[in-house]
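Observations on the three-dimensional arrangement
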Amino acid sequence: MSPRAPRPDTPADRPLRSDAERNRERILAAARTVYARDGLDASMASVAREAGVGIATLLRRFPAKADLVTAVFADRMDAYFEAVTTALDNPDPWDGFTGYIEAACAMQAADYGFADVLTTTFPTAKALERRRNEAYEAMVELINRAKVTGRLREDFDPSDLLLIHMANAGVVNATGDAAPDAWRRIVALLIQSCEASARGPPSPLTRARRPLQGHAPRQPGGPHRAGAGGERLTTAGRARGAVPSAARAGAGRAGTSGGAPSPWRGASDPPS
């Protein structure tokens, strides 16, 4: 008797019939649209509706939300990694550092879903997390090179990049289509604050214990991310919970409910 061929590990690994492959592509296209518009808070049911398939069809291909997120954002995480490697190739480390921040924040501004991905971990998505960790190691090298030039402030920590991503995501989510380029202003201000020449006397916050220790906490996520299949990176180190920031607490996304009105919405704007 000939040995039995090994079975694929997951439904996504198995060969697909032509109709099943079409459904998969429809689901991925729909997920890209929904996540780019609504972020990772969007439900699997909303993706199924956008794709024009039943929820059972979606779950056969992607049993968990983390599976769908991995399939949708693998190429974007590759682009994120490439942005870091491009920065490392720049002969001017400070220019490479600032160029990387601008490129990464532009990716966030273009896609609400990717803005969430950059501040959320998916422990079961091994390939996605491996790429993220590769990007992180490259960023550490980039930061060290920029410090050697004397342009990057000496107390800048790799965890500060996460804070930059969180701040940018907050502005992007709060302003929305009402001020689509507002993120460029906050990024310019953040870059300016990173430069050594901008440093003033240490504040109580810089003398205090750093809010982030290490790269990515791997504890169970809080209620804001329970449905996303991921764990929110937080300024509480390894504490639980999502980071509401301006994106989720107080500011709200322009054109959505659940937070205070965005300061970018005018009194004459139509109701959401």
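What counts and what doesn't
Residues numbered from 1 in each chain as written. Predicted model: local features only at pLDDT ≥ 70, side-chain atom pairs only at ≥ 80, totals over all residues. Heavy atoms only, no water. Phe/Tyr/Trp six-rings, centres within 6.5 Å; stacked < 30°, edge-to-face > 60°. Helix = DSSP H or I, 4+ residues; strand = E, 2+ residues; numbered from the N terminus. Axes fitted to C-alpha atoms, helices over the stretch in contact; angles between N-to-C directions. Parallel < 35°, antiparallel > 145°, perpendicular 65-115°, else oblique. Left-handed = near helix turned anticlockwise from the far one by under 90°. Contact = heavy atoms within 4.5 Å. Nonpolar A, V, L, I, M, F, W, Y, C, P; charged D, E, K, R; others polar. pLDDT = per-residue confidence, 0-100. Expected span 1.5 Å × (residues − 1). Buried < 20%, exposed > 50% of the residue type's maximum accessible area, 1.4 Å probe, protein only. Core = buried A, V, L, I, M, F, W, Y, C linked by side-chain atoms within 4.5 Å.

1. Things to note about the packing of aromatic side chains
Inspection of every chain in the model, using the stated rule, returns 6 aromatic pairs. Residues Y35 and F73 carry aromatic rings whose centres are separated by 6.1 Å and whose planes lie at 25 degrees to one another, so their mutual orientation is stacked. Within this pair, whereas Y35 is found in helix α1 (residues 18-38), its partner F73 is found in helix α4 (residues 65-89), the two being separated by 38 residues in sequence. Here W94 and F97 contribute two aromatic rings whose centre-to-centre distance is 5.7 Å and whose plane-to-plane angle is 25 degrees, an arrangement assigned as stacked. Of this pair, W94 and F97 both sit in helix α5 (residues 93-110), 3 residues apart, which is roughly one turn of that helix. Ring pairs connect the aromatic residues Y35, F73, Y80, Y100 and F114, which therefore count as one cluster.

2. Some thoughts on the packing of α5 against helix α7 (residues 126-148)
Contact pair α5 / α7: the axes reach a minimum separation of 8 Å and the direction vectors enclose 135 degrees. Classed by the angle they form, the pair α5 and α7 counts as oblique. Read as a crossing pair, α5 and α7 show a hand that is left-handed. Each of P93, W94, G96, F97 and Y100 in α5 lies in contact with α7, whose residues at this interface are M139, L142, I143, R145 and A146. Among the residues forming the contact of α5 with α7, the class breakdown is 8 nonpolar, 1 polar and 1 charged.

3. Here's the deal with the confidence of the model for the protein
Residue-level pLDDT values for the protein average 74, and 66% of them are 70 or greater. When pLDDT is averaged over each helix and strand of the protein, the minimum, 32, is found for helix α11 (residues 245-248) and the maximum, 95, for helix α2 (residues 44-51). Low pLDDT, under 50, characterises residues 5-9; the stretch is placed with 3 contacts to residues that sit more than four places away or in other chains. Low pLDDT, under 50, characterises residues 234-272; the stretch is placed with 84 contacts to residues that sit more than four places away or in other chains.

4. Overview of α1
In this model α1 runs 30 Å from its N-terminal to its C-terminal C-alpha over 21 residues, within 8% of the 30 Å that 1.5 Å per residue would give. Listed as buried for α1 are A20, R24, I27, L28, A30, A31, V34 and Y35. Buried residues belonging to α1 abut α2, α3 (55-61), α4 and α6 (112-117). Backbone geometry just downstream of α1 places G39 in the positive-phi region, at approximately 80 degrees.

5. Digging into helix α8 (residues 158-175)
The end-to-end C-alpha separation of α8 is 27 Å, in line with the 26 Å expected for 18 residues at 1.5 Å each. Of all the 18 residues making up α8, 14 are buried; the element is thus mostly covered by neighbouring parts of the structure. At the exit of α8 stands G176, carrying a positive phi of roughly 55 degrees.

6. As for the packing of α8 against helix α9 (residues 182-194)
Interaxial distance between α8 and α9 falls to 9 Å at its minimum, and their mutual angle equals 160 degrees. One finds that α8 runs roughly antiparallel with respect to α9. When you trace α8 past α9, the crossing you get is right-handed. Touching I164, A167, N168, V171, V172 and T175 of α8 are A182, W183, I186, V187, L190 and C194, all from α9. In the contact of α8 with α9, the residues fall into 10 nonpolar, 2 polar and no charged.

7. Observations concerning the nonpolar core
Formed by 57 residues in total, the largest nonpolar core has its most connected members in Y35, L68, F97 and Y100. Listing elements by their share of this core, those giving two or more residues are α1, α2, α4, α5, α6, α7, α8 and α9. Counting residues per element, this core draws most heavily on α4, at 12 residues. When sequence neighbours within four positions are dropped, the list of residues in contact with L68 reads I27, L28, A31, Y35, M44, V47 and F62.

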